[in-house]
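Spelled out, the chains give:
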Amino acid sequence: TGSKADAQNALFELKALAETAGSQVLDGLIQRRQRPDPATYIGRGKVGELRDSVITNGADTVICDGELAPAQLRNLEDRVGVKVVDRTALILDIFAQHAKSAEGKTQVELAQLNYLKQRLRGWGGNLSRQVGGRAAGGVGIGGRGPGETRIETDRRRINSRIAILRKKLRELDSTREIKRAERHRRQVPSVAIVGYTNAGKSSLLNKLTDAGVLVENALFATLDPTTRRAQTADGRVYTLTDTVGFVRHLPTDLVEAFRSTLEETNQADLLMHVVDGADPDPQGQITAVRQVLNDIGAGDIREQLVINKCDLADSDQMMILRRHYPDAIFCSARTGQGVSELRERIEQLLPRPEVEIHAIVP
Ligand code: GDP
């Protein structure tokens, strides 16, 4: 459905998501049809084309921008010969990579289990529908037996794990206050980079830290790959963290996992809000990001707006953005334009260390 341009945009976004998840995208195929093929989703002809592409490119995974029924997924895997993943699974994978706090991890696992559970249900449902269609009313071959039993066992196992995770989440809720208090005691200022996927967050993170002096310090031994350390011109150390990116058309089942993963942003001293200046609707994105930040309690953290990809954006759009956001930094991670200005601005906005004054009592 939709125009050819829509399909191309959707494919482009899927590619960006796949790259965020750490995949290298080799080829893209678009299929236009009225209704998904019941057996393989894309239909026999396209399956052949897809298999050829997989072989030619040496791909090990196919990512599909749709909601495939489990049976369709399995059929497609059988015929194409590699793993097939849909958009939801891909996004869950990205969230899992970004979740660090106990709560974020738990919420993501919960979403993964719910996803799995729905697919089990779909699989069972699909099977009985197929069987019912062929042998009207009868249970038929495959409708019961070991297959069904295994689904039941799997479902029970998933349900009990879900119950454990829910309980854990309730307990975590009560430790939140303690964490908040801990935050105030931390010494090293932190900057969280927020914004939509593909805005250029990780490119800017690299640009900002490449030139910076690396500080070897035991404090940073436990940093994860999305956090880098940097140093200001006057020698103050701070951290930069790439947070989980916003996703257009986020499946509703994933909203909670997304928010709790993003909630780690709450710990930051400064938010660097990166926007793709070449996007068709940057202002809509800015509003959406700020809304969510407000919702998760990060609304009162200082924010520096960064309009990236200035090398791509057309001059009219740039002019409008400059007028709307006079305090924003305009830059390009690609050309390096504006990056040193950005670095200076961050340094200005970082909180200064508190000076402890000890009274000496004679
Ligand atoms: P993230 O998902 O927000 O971390 O975005 P990335 O840093 O992965 O960038 C997404 C894509 O945009 C990559 O293909 C980058 O090479 C590209 N990109 C990032 N910054 C710029 C920029 O300033 N100009 C241009 N032309 N492309 C950029």
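Residues numbered from 1 in each chain as written. Predicted model: local features only at pLDDT ≥ 70, side-chain atom pairs only at ≥ 80, totals over all residues. Heavy atoms only, no water.

K.L.:
Outline the sheet that holds strand 7 (residues 302-308), supporting the account with residue identities and numerical values.
P.N.:
As a general point, the strands of a sheet are linked pairwise by backbone hydrogen bonds and lie either parallel or antiparallel. With mixed pairing, six strands are arranged side by side in an open sheet as 4-5-3-6-7-8. Every interior strand has two partners, whereas the edge strands, strand 4 (227-231) and strand 8 (329-330), have only one. Sheet analysis places strand 7 next to strand 8, joined by two bridges and oriented parallel. Residue pairing across strands places Val 306 opposite Ile 329, the latter belonging to strand 8. (Pairing = 2+ DSSP bridges. Helix = DSSP H or I, 4+ residues; strand = E, 2+ residues; numbered from the N terminus.)

K.L.:
Outline the side chain of Ser 53, listing residues and values.
P.N.:
With respect to the helices and strands, Ser 53 occurs in helix 2 (residues 44-57). Looking at Ser 53, its side chain comes within polar contact range of the side chain of Asp 27, at 2.7 Å. (Polar contact = N/O pair within 3.5 Å; in protein donor to acceptor, adjacent residues only side chain to side chain.)

K.L.:
Lay out the packing of aromatic side chains in plain terms, naming residues and giving numbers.
P.N.:
By the definition in use, this model includes three aromatic pairs. On the basis of an interplanar angle of 40° and a centroid distance of 5.5 Å, the ring pair of Tyr 196 and Phe 246 is categorised as tilted. Of the two residues, Tyr 196 sits in the loop between strand 3 (190-195) and helix 7 (201-210) while Phe 246 sits in the loop between strand 5 (237-242) and helix 8 (255-262), which places them 50 residues apart along the sequence. What links up through ring pairs into an aromatic cluster is the set Phe 95, Tyr 196, Phe 246 and Phe 258. The ring of Phe 330 carries the charged tip of Arg 322 above its face, separated from the ring centre by 4.3 Å. (Phe/Tyr/Trp six-rings, centres within 6.5 Å; stacked < 30°, edge-to-face > 60°. Lys NZ or Arg CZ within 6 Å of the ring centre and 35° of its normal.)

K.L.:
Got a sec to walk through unusual backbone geometry? Specific residues and values, please.
P.N.:
Unusually for a residue other than glycine, Asn 198 sits at a positive phi of about 85°. With respect to the secondary-structure elements, Asn 198 resides in the loop between strand 3 and helix 7. The exposure class assigned to Asn 198 is partly exposed, which follows from its relative accessible area of 32%. Despite not being glycine, Lys 309 has its phi angle at roughly 65°, a positive value. Along the polypeptide, Lys 309 turns up in the loop between strand 7 and helix 10 (315-324). What makes Lys 309 buried here is its relative accessible area of 18%. (Buried < 20%, exposed > 50% of the residue type's maximum accessible area, 1.4 Å probe, protein only.)

K.L.:
Outline the pattern of salt bridges, listing residues and values.
P.N.:
One pass over the structure, following the stated rule, counts 14 salt bridges. Arg 33 is paired through a salt bridge with Asp 37; the nearest N and O atoms lie 3.9 Å apart. Between Asp 295 and Arg 259 there is a salt bridge, and its shortest N-O distance comes to 3.3 Å. One end of the pair, Asp 295, is in helix 9 (residues 282-295); the other, Arg 259, is in helix 8, with 36 residues separating them in the sequence. Judged by relative accessible area, Arg 259 falls into the partly exposed class, the value being 29%. Each of the salt bridges in this network shares a partner with another, and the network as a whole consists of Glu 13, Asp 65, Arg 87, Arg 248 and Asp 279. (Salt bridge = Lys/Arg side-chain N within 4 Å of Asp/Glu carboxyl O.)

K.L.:
Residue-level account of the nonpolar core, with values.
P.N.:
Grouped together as the largest cluster of nonpolar side chains are 32 residues, with contacts concentrated most on Leu 90, Phe 95, Phe 246, Phe 258, Leu 262 and Leu 293. Residue assignment for this core shows that the elements contributing at least two residues are helix 1 (4-20), helix 4 (87-98), helix 5 (102-134), strand 3, helix 8 and helix 9. In terms of residues, this core owes the most to one element, helix 4, which gives five residues. Contacts of Phe 258, omitting those with residues within four sequence positions, involve Phe 95, Val 244, Gly 245, Phe 246, Leu 250 and Val 292. Counting residues in each nonpolar core, the second largest holds 21 residues, with Leu 204, Leu 208, Val 306 and Val 339 among its members. (Core = buried A, V, L, I, M, F, W, Y, C linked by side-chain atoms within 4.5 Å. Contact = heavy atoms within 4.5 Å.)

K.L.:
Quick rundown of the site of the ligand? Include the residues and the values.
P.N.:
In the vicinity of the ligand, 16 residues are found, and the nearest of them are Asn 198, Lys 201, Ser 203, Asp 311 and Ala 333. The side chain of Lys 309 places a nitrogen or oxygen atom 3.1 Å from an oxygen atom of the ligand. In the environment of the ligand, an oxygen atom lies 3.2 Å from a nitrogen or oxygen atom belonging to the side chain of Ser 332. Out of a free accessible area of 580 Å², the ligand has 80% covered by protein chains. Among the elements that line the shell around the ligand, the one with the most residues is helix 7, at three residues. (Near = heavy atom within 4 Å. Areas by Shrake-Rupley, 256 points an atom, 1.4 Å probe, with all protein chains shown as cover.)

K.L.:
Break down the pairing of strand 6 (residues 270-276) for me, citing the residues and quoting the values.
P.N.:
Looking along a regular strand, one sees the side chains alternate between the two faces of the sheet. With seven of seven residues buried, strand 6 is to be regarded as a mostly interior element. Burial along strand 6 is two-sided: Leu 270, Met 272, Val 274 and Asp 276 and Leu 271, His 273 and Val 275, pointing in opposite directions, are all buried. Pairing analysis gives five bridges linking strand 3 to strand 6, with the strands arranged parallel. Across the sheet, the residue bridging to Ile 193 is Met 272, located in strand 6. Pairing of strand 6 with strand 7, which is carried by seven bridges, proceeds in the parallel orientation. By the bridge assignment for strand 7, Leu 270 is matched with Arg 302.

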